[in-house]
Every structure is written in structure tokens, then in C-alpha cells.
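The primary structure of each chain is shown beneath.
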Amino acid sequence: MDARVERSTAPADIGRDAKAPPLDRRWFKLSPLNKRRWRAFKSNRRGYYGLIIFSALFLVTLCAEFIANDKPFLVKYDGTYSMPIFKMYTEKSFGGEFETEADYRDPEVARLIHEKGGWMIWPLIPYSYRTIKLDLPVPAPSPPSWENWLGTDDQGRDVLARVIYGFRISVLFGLILTIFSALVGVTAGAIQGFFGGWTDLSLQRFIEILGSLPRLYILLILSAILAPSFWILLGIMLLFEWTAFVGPVRAEFLRGRNFEYVRAARALGLTNAQIMFKHILPNAMVATVTFAPFILDGAIAALTALDYLGFGLPPGSPSLGELLQQGTHNLQAPWLGLTAFFVIALMLSLLVFVGEGVRDALDPRKTMIDPHVSLADV
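Note that the structure is predicted; figures quoted are calculated from it, not measured. (Residues numbered from 1 in each chain as written. Predicted model: local features only at pLDDT ≥ 70, side-chain atom pairs only at ≥ 80, totals over all residues. Heavy atoms only, no water.)

Notes on the overall build of the protein chain
Item 1. If you tally the helices and strands in the protein chain, you get 15 helices and 3 strands.
Item 2. The buried share among the 378 residues of the protein chain stands at 40%.
Item 3. Counted over contacts in the protein chain with a minimum sequence separation of 6, partners at least 24 positions apart contribute 65%.
Item 4. Total accessible area on the protein chain stands at roughly 21900 Å², and carbon and sulfur atoms take up 66% of it. (Helix = DSSP H or I, 4+ residues; strand = E, 2+ residues; numbered from the N terminus. Buried < 20%, exposed > 50% of the residue type's maximum accessible area, 1.4 Å probe, protein only. Contact = heavy atoms within 4.5 Å. Areas by Shrake-Rupley, 256 points an atom, 1.4 Å probe, with all protein chains shown as cover.)

Next comes the structure, spelled out in C-alpha cells:
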């Protein structure tokens, strides 16, 4: 009887004394394969540090209004505080006579603020990309100085401020164009590869006709006819850029539609959309991710070329291509061309390094065997 009692209570004691495995509360957990890919990407020093430098530069330019602006951060006037960066204040708010927006660089506005015991805190660069400096000691373009670290352009605008804003708008343009091109191209490639037949043949002939058109001339014609704007130029570029994603995705779907797991999913009654985007597409995303940095690089280069030719963003927009154009028209001011050249070269080189790192990291021949991953991780 005692033995039976001991045997019956032993499992309960063991279960009570055993410790439950700790719960993994991480929000984002990489699979063993993605861990090997990340290690392979980090082993490529140029790609890894290129990603860090490019991301840091892009994050800095996202805060361009807090770095280069012709409006102060904070204004104290008559015991009250104002933040002109976030809200528009008229000159009359500071004791002036006009209902227009206050020009804080105007000596009269500064005098009115100081008379009431006020002060202003300015950004690191007290110029915006459109600020024209009227009190230059020499005719524009003026050389670098303590006030304008990279000089001014031919209209008296600060070059460093225009570079910061131009870097941001170039990267944002390239990112948005790459994302929309990937959405359209991946969808078209998935439809072609999954259904095949006349669907594949018709779309492939359409892409071949679109690819045979003189892209540069069409871009120039459409840019000259339509009013220049960021989104119109983005739509014109999207007409051609999406075709770059079609080929790799189409090939992956042609290969994957005959696999056993696809047949099993079809036998279970899953719809074509579920099979395409839930089961086959994850395997085809490797090729898409590999192409993305190079598409982004090409989009930025295309925007720079159009701005250089005068068919890009609207006049007055902060543009690296427009700054490069000023450098060719003002050879007596070498800081214009050299600044634009080095910024564009740095940006595109970093993206190429990142693209090479991603390409090597997603190469199955380099991630199949990883000595850092133990069998426990698998």
C-alpha cells in the first residue's frame, strides 16, 4: 500500500519540482536560416558599415528642419514662448505692422523681440534650402566661409542646407519608387509564373514592347508636357521601373508551382491567391530583396540625371542634380560641382556596397553551412 502511494505521488512531485522552460518574450525572432544570412551580411564589412553609414545619414536628413532652417527653434517675446518651426507667427505677433509671416532674419523683427527682453534659439545651420542671403560680401556664388560652410549657389542659397534637403528628397524618391515598383513587378511576375499559358505569354510580350521603347526620350517628353512635381515624376518613372522585378519573380513561380507542397495546398482547397502569396511568394522574395538596393541606386541616379537636364523636380526644389548643373555653369565656383559630385558618389557607393552585401548574404552557397549555428538552434 505504501509502495503504491509512493509510486502515485512520485510523478506529481517531479512535475512540481521541475522548472518550466523560460518563455521567449522577444517580439522579433529570426529563424536559423535568417540568422545565418545576417551573419553572412555582417561578415561583409563594406556592406555592413555601408548600411550603418547610409542609415545614419538618412536619419539625420529626416530631421533636416531641425538642422537647417531659417526659423528659430524657440522664441521668447514679452514673457511668452513660441516655436516657429511648428507654427506660423505673423510679424504683428511680435509688435510689427504686417500680417504676413515674420522674417526672423530681418533685423527689424530681431530688434522688436530683443526690446521686450526676448531671445531666439537657432538651428545649427540658420538657413533653409530656399533662404537667399542678401548680404553676401561677394557676388553669388560665394566661396565657403564660417557662415556658409560649403559656400552659396548662384542665387545666394546655402549649399550645405540644399545638400541636406536634397539628400533626403533623393532617398525618399528612390525608396517610394522602389516600393511601388516592387509591388507592381512582384504581382505581375507572380501572375505570369503561376498561371503560365496565354497569361504569361501576353504579359511577357507587353513587357518586351515596353522595354524596347526609348525610356529616356519618353521621360523627357512626358516631363516637358506635364507640370513638374514630385508625384508626377514618380508616376512617370514607375511606368518603366517595375519591369525589373518581373523576371526573377516569374522564374521562381514557374519553378515553384509544380512543387509537392503546392499540389498539397491545392488539394486542401486553398485558393490561387492563398497559394501564390502565402506559400510560393515567400520563397520568391529572396530575388526581390536582392534586386531592391540596386533598383534604389538606379532610381536616385535617374532623378539626379533628370534634375541635371532640367526635367526633374520643380524649380527651386533642393536637388543634387540641379546643384551639379550649377557646377557646370559656374566653373569659377568649384565648390558647387565638387560638393554635388562627392555627395552623389558617396550615396550611390554606399548603396552598391549594401546591395553586394545583401546579394552575398542571400546566396545559398554561402549560408548553407555556418559554423556559428549549433544543432540546438535548428
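Let's talk about the packing of helix H8 (residues 215–225) against helix H9 (residues 230–241)
Between two packed helices, what matters for the description is the angle formed by their axes and the separation of those axes.
Item 1. Their axes nearest at 10 Å, the elements H8 and H9 cross at an angle of 160°. The angle between the axes of H8 and H9 places the two elements in the roughly antiparallel class. For the pair H8 and H9, the sense of crossing is right-handed. Within the contact between the two elements, H8 uses Arg-215, Ile-218, Leu-219, Leu-222 and Ser-223 and H9 uses Leu-233, Ile-236, Met-237, Leu-239, Phe-240 and Glu-241.
Item 2. Residues that form the contact of H8 with H9 fall into these classes: 8 nonpolar, 1 polar and 2 charged. (Axes fitted to C-alpha atoms, helices over the stretch in contact; angles between N-to-C directions. Parallel < 35°, antiparallel > 145°, perpendicular 65-115°, else oblique. Left-handed = near helix turned anticlockwise from the far one by under 90°. Nonpolar A, V, L, I, M, F, W, Y, C, P; charged D, E, K, R; others polar.)

Description of the side chain of Arg-162
Item 1. Mapped onto the elements, Arg-162 comes out in helix H6 (residues 159–195).
Item 2. Polar contacts involving the side chain of Arg-162 include one to the main-chain carbonyl oxygen of Ser-317, which spans 2.9 Å.
Item 3. Residues contacting Arg-162, with those up to four places away along its chain left out, are Tyr-129, Asp-153, Arg-157, Gly-316, Ser-317, Pro-318, Ser-319 and Glu-322. (Polar contact = N/O pair within 3.5 Å; in protein donor to acceptor, adjacent residues only side chain to side chain.)

With respect to the sheet that holds strand S2 (residues 80–82)
Item 1. The 3 strands lie next to each other as S2-S1-S3, forming an open sheet whose pairing is antiparallel. Strands at the two margins of the open sheet, each flanked by one partner only, are S2 and strand S3 (119–121). Averaged over all adjacent pairs, the angle separating strand axes in this sheet is 15°, with direction ignored. (Pairing = 2+ DSSP bridges.)

Examining the pattern of salt bridges
It is possible for side chains bearing opposite charge to pair when their charged atoms get close.
Item 1. What the rule picks out here adds up to 17 salt bridges.
Item 2. With its nearest N and O atoms 2.7 Å apart, the salt bridge here joins Arg-205 to Glu-208. Pair noted here: Arg-205 and Glu-208 are both in helix H7 (residues 197–212), with a separation of 3 residues, about one helical turn.
Item 3. Taking the relative accessible area as the measure of exposure, Glu-208 reaches 43% and is therefore partly exposed.
Item 4. Residues joined in a network through salt bridges with shared partners are Asp-153, Arg-157, Arg-162 and Glu-322. (Salt bridge = Lys/Arg side-chain N within 4 Å of Asp/Glu carboxyl O.)

Quick look at the pairing of strand S1 (residues 74–77)
Item 1. Here S1 shows a buried face lined by Val-75 and Tyr-77 and an unburied face lined by Leu-74 and Lys-76.
Item 2. Of the pairings in the sheet, the one linking S1 to S3 comprises 3 bridges and is antiparallel in character. Its bridge partner lying in S3, Lys-76 is registered against Trp-119.
Item 3. As judged from the 3 bridges shared by S1 and S2, these two strands associate in the antiparallel manner.

Notes on the packing of aromatic side chains
Item 1. Under the counting rule described, the total for this entry stands at 17 aromatic pairs.
Item 2. Ring centres of Phe-94 and Tyr-104 lie 5.8 Å apart, and the angle between their planes is 75°; on these two criteria the pair is classed as edge-to-face. Here Phe-94, found in the loop between S2 and helix H5 (107–115), pairs with Tyr-104, found in the loop between S2 and H5; they are 10 residues apart in sequence, far enough to count as distant. With respect to class, Phe-94 is no different from Tyr-104; both count as buried.
Item 3. Put simply, the rings of Trp-38, Phe-41, Tyr-48 and Tyr-49 touch in pairs and so form one group of aromatic residues. (Phe/Tyr/Trp six-rings, centres within 6.5 Å; stacked < 30°, edge-to-face > 60°.)

Considering the confidence of the model for the protein chain
Item 1. Taken as a whole, the protein chain shows an average pLDDT of 83; of its residues, 89% reach a score of 70 or greater.
Item 2. Overall, residues 1–18 carries pLDDT values under 50, and its contacts beyond four positions in sequence, including any with other chains, amount to 0 contacts.
Item 3. Below a pLDDT of 50 lies the segment residues 371–378, which in the model reaches 7 contacts outside its immediate sequence neighbourhood of four places, other chains included. (pLDDT = per-residue confidence, 0-100.)

So, H6
Residues separated by three or four positions in an α-helix point in the same direction, a consequence of the helix having 3.6 residues per turn.
Item 1. Its 37 residues place the ends of H6 53 Å apart at the C-alpha level, agreeing with the 54 Å of an ideal helix rising 1.5 Å per residue.
Item 2. Among the 37 residues that make up H6, 27 are buried, leaving the element largely enclosed by the rest of the structure.
Item 3. The distance from a side-chain oxygen at the start of H6 to the backbone nitrogen of Leu-160 is 3.3 Å, and the residue carrying that oxygen is Asp-158.
Item 4. Positive phi shows up at Gly-196, right after H6, with a value of about 60°. (Expected span 1.5 Å × (residues − 1).)

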